[in-house]
Amino acid sequence: MLLAALGLAGAVAGPANAAESTRGSLHVAQICAVTTEDATVDEPYVKRNGTVTWGAGSLREGNCLRTVFAYVSVGDIVEIWDQDTNTGFDPHDKLGTVTIHGVGEYHFRESGAFYKMWTEY
Ligand SMILES: [Ca+2]
Ligand SMILES: [Ca+2]
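Numbers given for residues are sequential positions, taken from 1 along each chain in its written order. Each chain is given a letter, starting from A, and each ligand a number, starting from 1, according to the order in which they appear as written. Totals for whole chains, interfaces and linings use all residues, but because this is a predicted model, local features are given only for residues with pLDDT of at least 70 and pairs of side-chain atoms are given and counted only at 80 or more.

1. Quick word on the overall build of the chain
At step 1: Under the DSSP-based scheme used, a helix requires at least four consecutive residues in state H or I and a strand at least two consecutive residues in state E, with every element numbered from the N terminus. Within the chain, the regular secondary structure consists of 1 helix and 11 strands.
At step 2: Once C-beta atoms are placed from the backbone, each residue is buried if 20 or more other C-beta atoms lie within 10 Å of its own, exposed if 12 or fewer, and partly exposed for counts between those two. For the chain, buried positions account for 21% of its 121 residues.
At step 3: Expressed as a percentage of contacts within the chain between residues at least 6 apart in sequence, the contacts between residues at least 24 apart total 54%. Contacts are defined on C-beta atoms placed from the backbone: any two residues whose C-beta positions lie within 7 Å are in contact.

This is the structure:
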């Protein structure tokens with residue numbers, strides 16, 4: 001009876017785990033620009049393991065984006081970048097890199113910027 005129950009649980013968990021591997025099991029709940037890299041407004045985007053997974057039009061200093069349709073998993077390398085013209089003298093700016101360890105608060109402090117990000121289930 002117990003083995004049968006475990007077998008059923010395994011069968012149900014399979015597709016869910018497959019979905020997690022592509023989408024990520026943690027929701028990026030919020031990203032806040034405490035200090036922007038540009039003068040007052042950045043155009044932040046998120047890379048997950050080197051691939052751009054989410055971007056916003058703009059984010060003003062002191063503001064947060066409360067609904068971010070971005071998902072990550074434990075162990076992922078997540079970077080936040082500020083989009084610029086990406087010409088020779090104005091490349092995109094990397095604002096920081098973190099390794100996801102679970103639900104929590106993450107800080108990004110490169111290029112003179114300070115961003116916070118929270119993950120949730
Ligand atoms: Ca910039
Ligand atoms: Ca910018």
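Picking up after the structure, the text goes on.
2. Thoughts on the nonpolar core
At step 1: In plain words, the nonpolar core is the set of buried Ala, Val, Leu, Ile, Met, Phe, Trp, Tyr and Cys residues that C-beta atoms within 7 Å link up. With 18 residues, the main nonpolar core has V28, V72, I80, L95, F108, Y115 and M117 as its most contacted residues.
At step 2: If you list the elements that add at least two residues to this core, you get β1 (26-35), β8 (77-82), β10 (104-108) and β11 (114-120).
At step 3: In terms of residue count, β1 provides more of this core than any other element does, 4 residues in total.
At step 4: Those residues within four positions of V72 in sequence are excluded, and the remaining contacts are G24, L26, V28, R48, V78, I100 and T119.

3. Observations regarding the pairing of β8
At step 1: Note on pairing: DSSP must find at least two bridges between two strands before they are called paired. Strand direction decides the pairing type here: strand β3 (residues 44-48) and β8, joined by 5 bridges, are antiparallel. Bridged to Y45 within β8 is W81.

4. Some words on the sheet that holds strand β4 (residues 51-55)
At step 1: Reading across from one edge, β4-β3-β8-β9 is the order of the 4 strands in this open sheet, with antiparallel pairing throughout. One side of each edge strand has no neighbouring strand; the edge strands of this open sheet are β4 and β9 (93-99). Shown here is a sheet whose adjacent strand axes are inclined to one another by a mean of 25 degrees, direction ignored.
At step 2: Here 4 bridges tie β3 to β4, and the two strands are oriented antiparallel to one another. The residue bridging R48 from the neighbouring strand is T51, located in β4. Think of each axis as a best-fit line through the C-alpha atoms, taken over the contacting stretch in the case of a helix, with angles from 0 to 180 degrees between the N-to-C directions.

5. Some words on the pairing of β11
At step 1: Side chains Y115, M117 and T119 project from β11 onto a buried face, and the interleaved F114, K116, W118 and E120 project onto a face without burial.
At step 2: Here β1 runs beside β11; their pairing, made up of 7 bridges, is antiparallel. Residue pairing for β11: H27 is matched across the bridge by E120.
At step 3: Pairing geometry for β10 and β11, over 5 bridges, is antiparallel.

6. As for unusual backbone geometry
At step 1: Of note, the phi angle at N49 is positive, near 50 degrees, even though the residue is not glycine.
At step 2: Mapping N49 onto the fold places it in the loop between β3 and β4.
At step 3: In the Ramachandran plot, N86 falls in the positive-phi region, its phi being about 65 degrees despite a non-glycine side chain.

7. Let's talk about the confidence of the model for the chain
At step 1: The predictor rates its confidence in each residue with pLDDT, a number between 0 and 100. Averaged over all residues, the pLDDT of the chain equals 85, while 80% of them reach at least 70.
At step 2: When mean pLDDT is taken per element in the chain, β9 scores highest with 98 and helix α1 (residues 2-23) scores lowest with 47.
At step 3: With pLDDT under 50 throughout, residues 1-16 is counted as low confidence; its partners more than four residues away or in other chains account for 0 contacts.

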